[in-house]
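# Overview (structure and organization)
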Amino acid sequence: MNPGKKSGIVLLTSAIAALAGLLLGYDTGSISGALGFIADAFHLDTVGKGGVISIVLVGGILGALINGIVADRLGRKLTVQGAALLFIAGAAASAFSPSAGALLASRFVLGLSLGAVSASAPLYIAEISPAAGRGRLVTLFQLAITIGILLGYFVDRSLTDSGDWRLMLGTSAVPASILLFGMSILPPSPRWLIKMGREEEARKTLLKISGGDLSHAEAELNEIRHVMSLETKGGLADMLRPPVSSALVTGIGLFLVQQFVGINTVMYYAPSLFREAGMGSPDTAILATVSVGVVNVLATFIAVWLIDKTGRKPLLYAGLGGMLISLTAIGGIFAGGSDGGIGTGRATVIAVWFYIACFAFSLGPIPWLIMTEIFPLNVRGRAVSIATMSSWGANLVVSFSFLPLFETTGAAFTYWLYALVSLLGIVFVWRFVPETKGMSLEEIEERLLSEKR
Ligand code: BGC
């Protein structure tokens, strides 16, 4: 066997699939900068602006649902490719939109694609990865999200003078095209191939990703076949019974915590947050926002480094603990009465950086990873879709509730509420999240099935 070759192929495969995360992040990062120009072009009021942002989330919920219908039938690879194609169409249509209605429709299509790809890409990566490196490889998906967010900020900043919002939106067709063509040279998921009874192709893929180690590939094939023989048929009723139902609680719960700690309120509203806390000029506030993006990328490397070493749960505890402290502090700063002074501004920036860093190495990547690990193969595509839908749905709820909450109850209460979610998150992880470090997907499934018995 050639271990270097083995890890090279798997890394390349994961890196291409992770590009899907870049698309997701780019939209989050670029839309806020483009929004002002779009509003001017189409004379949008606050409701219209909110619609331009949130229509993607509505599409995301539906896209994740569609993934559930197609990912188990067509396979993970084809689903990612179909979503990439849809994304290119959506990005081009957004860039050329002649009216607000056309823009909303294009962004809905973009959302459909993002919903599907956010479920299928992590799943594809997990099913092609070796057990010992699966955490790190799926974390590449989250790393790409964070890089995409930063890229979005930078593209916006470089186009601010020209106000070219069409280019801001259209640029994302480039990584989507790379994803589409990159995926065409990659093999389908070996686990999905076995599920479909295409064993010869699965054997070839397993051989390729194990660096030509025939005995290793055979052993893996047998293990997957064995675990499949223990499974039930995977109908709708099975989804409502343990072990799938309890795994759904884990997957959905983790995404609810991920969104209800308020991460995207910081992503979208960081400039106003810093201004509110006294960070003088709009320029300083935008710079502070870019720094948020940088911290987000850098701290994700902590997860890449540690996730397969310390495991998933210790990172979740540390991250949630850190978020609890920083959110309490942010609330405290606002409760103390922001005096508009530079001191308050600095304290807010530091607390926000700490909060982002803690999110980036824990709640950022881990829900995407855990959702690919805890479901039996026969329902995995569908179950992952349900978990992903909850992420998009919760994101929508948070983005709609944030401003009214902020305006009616005040900043302090809003952030303390998010702090409370972090605290509940710690209890949830302790009670409902299994440790999956170093185990193959089949070992995890066998453990779940035996717990059921
Ligand atoms: C979340 C996104 C969030 C991003 C921030 C992702 O894991 O799903 O909603 O914007 O992390 O890095």
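These numbers were taken from a predicted model, which means no experiment stands behind them.

Let us look at the site of the ligand. Inspection of the region around the ligand gives 13 residues, with Gln 142, Gln 258, Asn 264, Asn 296 and Trp 368 positioned closest. In the environment of the ligand, an oxygen atom lies 2.7 Å from a nitrogen or oxygen atom belonging to the side chain of Gln 142. Protein coverage of the free-state accessible area of the ligand, which is 320 Å², stands at 95%. Taking a 2 Å distance to the grid points as the criterion, the majority of the atoms of the ligand fall inside the largest cavity. Mapped by element, the contributors of at least two residues to the shell around the ligand are α5 (134–159), α12 (244–260) and α13 (263–276). The dominant element in the shell around the ligand, judged by the number of residues it contributes, is α5, at four residues. Tallied by class, residues from the shell around the ligand come to five nonpolar, eight polar and no charged.

On to the pattern of salt bridges, then. Overall, the coordinates contain 16 salt bridges when judged by the stated rule. Residue Glu 199 pairs with Arg 225 through a salt bridge whose shortest N-O separation is 2.5 Å. A residue pair is termed long-range when its members are at least 10 positions apart, and Glu 199 in helix α9 (residues 199–209) and Arg 225 in helix α10 (residues 214–230) qualify at 26 residues. Look at Arg 225 and you get partly exposed, because its relative accessible area is 31%. Across the salt bridge formed by Arg 380 and Glu 445, the nearest N and O atoms sit 3.7 Å from each other. On the criterion of sequence distance, the pair formed by Arg 380 in helix α18 (residues 380–409) and Glu 445 in helix α20 (residues 441–452) is long-range, its members being 65 residues apart. For Arg 380, a relative accessible area of 1% gives the class buried. A single salt-bridge network, built from bridges that share partners, covers Asp 72, Arg 76, Glu 127, Arg 380, Arg 382 and Glu 445.

A separate point is the environment of Arg 198. Tracing the chain through its elements places Arg 198 in the loop between α8 (190–195) and α9. As for Arg 198 and His 216, which are separated by 18 residues in sequence, their C-alpha atoms are 19 Å apart. Once residues lying within four places of it in the same chain are set aside, the contact partners of Arg 198 are Trp 192 and Leu 193.

Quick notes on the rules
- The residue count restarts for each chain, going from 1 along the sequence in the order it is written.
- In keeping with the model being predicted, local features are shown solely for residues with a pLDDT of at least 70 and side-chain atom pairs are shown and tallied solely at 80 or more, while totals for entire chains, interfaces and linings include all residues.
- Heavy atoms throughout the structure, all of them, feed into the side-chain values; hydrogens and water do not.
- By convention in this text, a residue qualifies as near a molecule or strand provided that one of its non-hydrogen atoms is within 4 Å of it.
- Pairing of N or O atoms within 3.5 Å defines a polar contact, subject to two protein rules: one partner must be a possible hydrogen donor and the other a possible acceptor, and residues neighboring in sequence count only if both atoms are side-chain atoms.
- For every accessible area listed, the method is Shrake-Rupley and the probe measures 1.4 Å; residues are considered covered only by the protein chains on display.
- Of the grid points, spaced at 1 Å and generated over the protein atoms alone, those admitting a 1.4 Å probe that cannot get out make up cavities, while open sets with protein on both sides within 12 Å along at least five of seven lines make up pockets; any residue with an atom within 4 Å of a point is treated as lining.
- Those molecules having more than half of their atoms within 2 Å of a cavity or pocket grid point set are described as sitting in that cavity or pocket.
- Where helices and strands are cited, they refer to DSSP runs of H or I of at least four residues and of E of at least two residues respectively, numbered from the N terminus.
- Residue type decides the class: Asp, Glu, Lys and Arg count as charged, Ala, Val, Leu, Ile, Met, Phe, Trp, Tyr, Cys and Pro as nonpolar, and the leftover types, Gly among them, as polar.
- Think of a salt bridge as a Lys or Arg side-chain nitrogen and an Asp or Glu carboxyl oxygen that are within 4 Å of each other.
- Burial classification: accessible surface area is computed with a 1.4 Å probe over protein chains only, and a residue below 20% of its type maximum counts as buried, one above 50% as exposed, and the rest as partly exposed.
- Working rule for contacts: check all heavy atoms of both residues, and any pair within 4.5 Å makes them a contact.

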